[in-house]
Each structure stands twice: as C-alpha cells, then as structure tokens.
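Secondary and tertiary structure notes
Residues per chain, in single letters:
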Amino acid sequence: MKKIMVILGCTAILLSACGKKDEDKKTQEAGTEITQSTPTAELENIGSEENAQEAVYFEDDFTKKVAGDTAKFKTEFKKFNEAQKYYFCAAFAMGAMSVAKPITASAMVNYFLGLGVNKYNVGINDENYLAFNAGKNTFLHESIVNVILKDKICEDIINEAADYAVETNKSVAELDKRGQIEVEKVVKYIQKQK
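The structure reproduced in this document is the subject of the present report.

Cut-off values and rules
- Residues numbered from 1 in each chain as written.
- Predicted model: local features only at pLDDT ≥ 70, side-chain atom pairs only at ≥ 80, totals over all residues.
- Heavy atoms only, no water.
- Buried < 20%, exposed > 50% of the residue type's maximum accessible area, 1.4 Å probe, protein only.
- Helix = DSSP H or I, 4+ residues; strand = E, 2+ residues; numbered from the N terminus.
- Arc of directions from axis to C-beta.
- Contact = heavy atoms within 4.5 Å.

1. Focus on helix α8 (residues 142–150)
Burial in α8 covers these residues: I144, V145, V147 and I148. Seen end-on, α8 carries its buried residues on one side only, within an arc spanning 165°. Exposed positions of α8 whose direction lies more than 90 degrees from the buried face are E142 and K150. For α8, the elements touching its buried residues are α4 (70–78), α5 (82–100) and α9 (153–167). A positive phi of about 55° marks K152, the residue just after α8.

2. So, the environment of K185
Positionally, K185 belongs in helix α10 (residues 172–193). Once the C-alpha coordinates of K185 and Y129 are considered, the two residues, 56 residues apart in sequence, prove to be 9.0 Å apart.

3. With respect to unusual backbone geometry
At N121, a residue that is not glycine, the phi angle is positive and equals roughly 55°. By the secondary structure assignment, N121 is in the loop between α6 (102–120) and α7 (126–137). On the basis of relative accessibility, which here comes to 68%, the residue N121 falls in the exposed class. With phi around 55°, K152 is a residue other than glycine that occupies positive phi space. With respect to the element layout, K152 can be found in the loop between α8 and α9. Residue K152 is classed as partly exposed on the basis of its relative accessible area of 41%.

Read these as geometric descriptors, not functional statements.
The following block contains the structure:
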C-alpha cells in the first residue's frame, strides 16, 4: 500500500510539472562543461522542496462529464479500456503521492509509466493521455477521490501491473527506462495544451 501511494504521488508531480524550468544536468568532457536538459531532470527537480508548488488542475472533458457525481464517474470509468484505466490510475496515484511525499513521488514517475507499458504493451498516446489527464484532474472533485480510495479502484489496478512486472521478471531499471520515454510523451502533451 505504501509503495502504491509513493507511485501515485509521482504521477501527480509529473502533472504539476508543466511550465517549470528544466534542471540542467552537467557532465565533464575533456575539461569542459556540457549542459543538457532532459524531461527526466525536469521531473526530478520538481520533487525538491525549494521547487514545490501546488498542483494546478484544469477541468477536462471527463471531469466535466462526471461533475463530481460518483455514479457518473463509475459509469464513465467503465468505458475506459484496460490501458486507459491504468494510466488514469497512474496519474491519480502520482497526485495522491505528491501530497504526502513529493520527493519520493518524483522519483517514481518513470517507474509508474514503465509499469503501464510493460503490462499493456502500449504507452501514452492520444486516447491514453486523455485518461491520464482525467486521472490528474480528478482532484478537482473530492467525492470522486473519496470513492476511488474507498473502493480501492486504482490500488487494485496498480497492484495488478506491479504483480505482472514481478511475474515477467522486469527489473526496476528496465521499467524506469521504459517509463522515461513515456514521461517525454506526457511532457509534450502538456506543452501542447498550453
């Protein structure tokens, strides 16, 4: 349960990363400094206490449609395919984790997204990003958050993906590597929205 909450917080950090300054990674080559900026470095920077800011949520089509109604939420959530449900829950989990442990949450972003690719053989695309974005924006409606937590909707989905990673002998490093690609996609989608 604690691991899941950590992972969920990471997703929230990712979502609140929009518009934040990239952190430069410095390497030494032949006595000169070369600086590169990566989405992963940006996400890691978000978890630092000095950069901690409240997440900004925007009403999307899904959250507008359910409008805080738990029955509507359950109906609309059932319409998602399995991968969409996972990415919704990954974003929700990261949001929840970012409230509790922002630094830990930022470290788990790649891992969470890598779990999704591993389990469903599909990463962030147009339809999965819509679900991911809806999961992030769910925090606009406390009643929806409460039903997700009470019914363990996302906890069960994330646990299934984590169990599958164990069954398929995927290392954390491999999942992290797969997730880095997905983080870059999420950042691009977020930038398009601005």
